[in-house]
Amino acid sequence: MGKGRFRRFLLGSGLAAGLVGVVSCTIDFEEQVPVPDGTSSSEIELRPSEDTVAIRFRNLTADEAVNVEFHATNEFLQDLPDDLFAAENLVTTSIGVAGTGIIQPWQQDAIEFPCTANLTIGTRGGSFADSESGEPRGAGTPRWAQEGPLGLCGAVVTFDFIGDGAEFTTVLSVGQ
């Protein structure tokens, strides 16, 4: 588990999971995420406090599971992205299927992470694999963000993992 406390939300079954840390957040199921058959699944609405950042992971592939390879720290980092992607900053607990960091196709998950002036979060890009066989398919694009330049405290950061079975990319967006 990476540094800090967080709260976990699991949407795959439409259930919100329990409190893991002391951070609170509200979930409303109003926004929709498109799914391949033209229907939609409920989006997780996050409302972080000014002392936390909400982090949402969305797998927008049809056939690939993605290991989000999420890293986070509130420690000062000198050499980005290498220091961020060190093993001690990997966060998997309470992300994905049974805390593995793996998100199934057209599913999403979210956590909250404590936010300080030194906060840095990111993903190596995600490892994509066939959701049935587990056969590796490819990797996404490394993305990271820091509190200082972007003002992540109190914000919602979304990592979208996108692919078509042959090419994969990762998109990071910051919003309120």
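A quick note: this is a predicted structure, and the numbers were derived from the prediction, not measured. (Residues numbered from 1 in each chain as written. Predicted model: local features only at pLDDT ≥ 70, side-chain atom pairs only at ≥ 80, totals over all residues. Heavy atoms only, no water.)

Student: Account for the pairing of strand β13 (residues 156–163), naming residues and giving values.
Tutor: A large share of β13 lies buried, amounting to seven of its eight residues. Relative to β13, strand β4 (residues 52–59) runs parallel, the two being bridged by six bridges. Bridge assignment links Ile55 to a residue of β13, and that residue is Val157. Bridge count between β13 and strand β14 (residues 168–175): eight bridges; the pairing is antiparallel. Across the sheet, Val157 pairs through a bridge with Val174, a residue of β14. From the end of β13 to the start of β14, which pair antiparallel, there are four residues, and Gly165 there has a positive phi angle of about 95 degrees. (Buried < 20%, exposed > 50% of the residue type's maximum accessible area, 1.4 Å probe, protein only. Helix = DSSP H or I, 4+ residues; strand = E, 2+ residues; numbered from the N terminus. Pairing = 2+ DSSP bridges.)

Student: Requested: an account of the sheet that holds strand β9 (residues 120–123), with residues and values cited.
Tutor: Read across the open sheet, the three strands follow the order β6-β9-β12; overall the sheet is antiparallel. A single partner strand is all that each edge strand has here, and the edge strands are β6 (70–73) and β12 (143–146). Taking each pair of neighbouring strands and ignoring which way they run, the sheet shows an average axis angle of 10 degrees. Of the pairings in the sheet, the one linking β9 to β12 comprises four bridges and is antiparallel in character. By the bridge assignment, Ile121 is partnered in β12 with Ala145. (Axes fitted to C-alpha atoms, helices over the stretch in contact; angles between N-to-C directions.)

Student: Pulling in residues and values, what's your account of the packing of aromatic side chains?
Tutor: Counted according to the given criterion, the structure contains six aromatic pairs. Taken together, a centroid distance of 6.0 Å and an interplanar angle of 10 degrees make the contact between Phe57 and Phe159 stacked. Of this pair, Phe57 sits in strand β4 while Phe159 sits in strand β13, and the two are 102 residues apart along the sequence. As far as burial versus exposure is concerned, Phe57 and Phe159 are alike and both buried. With a centroid separation of 4.3 Å and 20 degrees between ring planes, the pair formed by Phe128 and Phe168 is classed as stacked. Here Phe168 lies in strand β14 and Phe128 lies in strand β10 (residues 127–130), a separation of 40 residues in the sequence. For the pair Phe128 and Phe168, a shared accessibility class is recorded, and that class is buried. An aromatic cluster of at least three residues, connected via ring pairs, comprises Phe57, Phe70 and Phe159. (Phe/Tyr/Trp six-rings, centres within 6.5 Å; stacked < 30°, edge-to-face > 60°.)

Student: Explain the pairing of strand β5 (residues 64–67) to me, and be specific about the residues and the numbers.
Tutor: Alignment of β5 against β10, held across four bridges, turns out to be antiparallel. Considered in β10, the bridge of Val66 is made with Phe128. As judged from the two bridges shared by β5 and strand β7 (residues 102–103), these two strands associate in the antiparallel manner. Its bridge partner lying in β7, Val66 is registered against Ile103.

Student: So what's going on with the sheet that holds β10? Residues and values would help.
Tutor: Within a sheet, adjacent strands bond to each other through the backbone by hydrogen bonds, running parallel or antiparallel. Read across the sheet, four strands follow the order β7-β5-β10-β11 without closing on themselves; strand pairing throughout is antiparallel. The open sheet is flanked by β7 and β11 (136–139), the only strands paired with a single partner.

Student: Pulling in residues and values, what's your account of the environment of Glu147?
Tutor: Topologically, Glu147 is positioned in helix α1 (residues 147–150). Judged by its relative accessible area of 14%, Glu147 falls in the buried class. The sequence separation of Glu147 and Leu119 amounts to 28 residues, and the corresponding C-alpha distance is 5.3 Å. Those residues in contact with Glu147 that sit more than four places away from it in its chain are Cys115, Thr116, Ala117, Leu119, Leu152 and Cys153. At 2.7 Å, the side chain of Glu147 and the backbone nitrogen of Cys153 are in polar contact. (Contact = heavy atoms within 4.5 Å. Polar contact = N/O pair within 3.5 Å; in protein donor to acceptor, adjacent residues only side chain to side chain.)

Everything listed is a geometric property; what it means functionally is a separate question.
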